[in-house]
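Overview (structure and organization)
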Amino acid sequence: GAVVSQHPSWVICKSGTSVKIECRSLDFQATTMFWYRQFPKQSLMLMATSNEGSKATYEQGVEKDKFLINHASLTLSTLTVTSAHPEDSSFYICSASPGGNTQYFGPGTRLTVL
Amino acid sequence: ELKVEQNPLFLSMQEGKNYTIYCNYSTTSDRLYWYRQDPGKSLESLFVLLSNGAVKQEGRLMASLDTKARLSTLHITAAVHDLSATYFCAARSQGNLIFGKGTKLSVKP
């Protein structure tokens, strides 16, 4: 149980385009979902926390207008990188929590912006 | 602001020997997590430590927590090649996970 999927697993896009990444909890309802970014050989940095039906809470330094998060249901959150630039190239990982101690991590999405 | 520090950042291990990774955190945290990450992959949950003195073991890995010292350790017993990966600790602050920089383990025969 407790499976989290992400789609796509990798994406290459041109600079200036927008990219949407989906995060789904497959067998549980996620009251909270988290989005992380991981640059090569670095740790995970929390970007934002979202609760179903409410606006996401962004970490300091993360532009909310650039990284749009929608948590429309208890099993789906989306991250849209708007007007992507090469410096946005990174590994984006979501996690989902049914509540309590645990976060279940998705497999990650590797974004490359040309 | 909660900060999490791991050391060492790199660890070259010999098969069969024992090693320890240290994870210090700067302010009170109610949870301490250990994760494993293989290259190009996401995180695999290893342990969740909830209270002072907690000790959990899985195979060759054992994690412990000292909340008074704000220190968690991940002990590796008789290292084997399969353990080569990057290991992260994370502490929880106000519901959010704050990660250490990770420790890259490499096991040499």
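In the block above lies the structure referred to throughout.
In short, a report on the structure. (Residues numbered from 1 in each chain as written. Chains lettered and ligands numbered in written order. Predicted model: local features only at pLDDT ≥ 70, side-chain atom pairs only at ≥ 80, totals over all residues. Heavy atoms only, no water.)

This part is about the sheet that holds strand β1 (residues 4-7) of chain B. Residue and element names in this part refer to chain B. A sheet is described by the order of its strands in space; here five strands give the open sequence β1-β3-β8-β7-β6, paired in antiparallel fashion. Of all strands in the sheet, those with a lone pairing partner are β1 and β6 (55-58), marking the two edges. Pairwise comparison of adjacent strand axes, ignoring direction, gives a mean angle of 15° for this sheet. Relative to strand β8 (residues 71-76), strand β7 (residues 61-66) is paired through six bridges, and the arrangement is antiparallel. Looking across to β8, one finds that L65 is bridged to S72. (Pairing = 2+ DSSP bridges. Helix = DSSP H or I, 4+ residues; strand = E, 2+ residues; numbered from the N terminus. Axes fitted to C-alpha atoms, helices over the stretch in contact; angles between N-to-C directions.)

Every disulfide links exactly two cysteines, by a covalent bond between their sulfur atoms. Tallying each qualifying case throughout the model produces two disulfides over all chains. Two residues share a disulfide in this structure: B:C23 and B:C89, whose sulfurs sit 2.0 Å from each other. Measuring the twist about the S-S bond at about 80°, one finds the B:C23-B:C89 disulfide to be right-handed. With a gap of 66 residues between them, B:C23 in strand β3 (residues 19-25) and B:C89 in strand β9 (residues 85-93) connect regions that are remote in the sequence. Its relative accessible area of 0% is what places B:C23 among the buried residues. The cysteine A:C13 is free of any disulfide, with A:C94 supplying the nearest cysteine sulfur at 18 Å. (Disulfide = S-S within 2.5 Å. Buried < 20%, exposed > 50% of the residue type's maximum accessible area, 1.4 Å probe, protein only.)

Across the boundary between the two partners, chain A contributes 20 residues, which contact 18 residues of chain B. For the pairing of chain A and chain B, the buried interface totals around 1300 Å² over both sides, and the portion due to carbon and sulfur atoms is 49%. Area buried by chain A at its contact with chain B is led by A:S43, A:N101 and A:F105, which between them contribute 39% of it. Inspection of the region where chain A meets chain B yields zero salt bridges. On inspection of chain A and its partner chain B, the count reaches four residue pairs in polar contact (both at pLDDT 80 or more). (Contact = heavy atoms within 4.5 Å. Buried area = accessible area lost by both parts, 1.4 Å probe. Salt bridge = Lys/Arg side-chain N within 4 Å of Asp/Glu carboxyl O. Polar contact = N/O pair within 3.5 Å; in protein donor to acceptor, adjacent residues only side chain to side chain.)

This next bit is on the environment of A:A56. With respect to the helices and strands, A:A56 occurs in the loop between β5 (44-51) and β6 (57-58). Placed 54 residues apart in sequence, A:A56 and A:A2 show a C-alpha to C-alpha distance of 22 Å.

Right, let's get into the layout of surface pockets. Rolled over the atoms, a probe with the dimensions of a water molecule shows which regions are left empty. Reported here for the largest pocket is a volume of approximately 1400 Å³. Along the wall of the largest pocket there are 46 residues; nearest its centre are A:Q42, A:S43, A:L44, B:G100 and B:K101. Contributions of two or more residues to the lining of the largest pocket are made by β4 (32-38) and β5 of chain A together with β1, β9, β10 (96-99) and β11 (103-108) of chain B. Per-class residue counts for the lining of the largest pocket are 19 nonpolar, 16 polar and 11 charged. (1 Å grid on protein atoms, 1.4 Å probe; cavity = no way out; pocket = protein on both sides within 12 Å on 5 of 7 lines; lining within 4 Å. Points joined across faces, edges and corners; volume = space filled by probe spheres on them. Nonpolar A, V, L, I, M, F, W, Y, C, P; charged D, E, K, R; others polar.)

Here the bond from A:H7 into A:P8 is cis, since omega is 0°, no more than 30 degrees from zero. Within the element layout of this structure, A:P8 appears in the loop between β1 (4-7) and β2 (10-13). In this chain, B:N7 is followed by B:P8 through a cis amide linkage whose omega measures 0°. Here B:P8 lies in the loop between β1 and β2 (10-14). One non-glycine residue, A:S83, lies in positive phi territory at about 45°. Mapping A:S83 onto the fold places it in the loop between β8 (76-81) and β9 (90-97). Even without being glycine, B:R70 reaches a positive phi, approximately 55°.

Another aspect to go through is the side chain of B:R31. Take B:R31: it is sitting in the loop between β3 and β4 (32-37). In contact with B:R31, other than residues within four places in its own chain, are A:N101, B:L49, B:L50, B:A90, B:A91 and B:R92.

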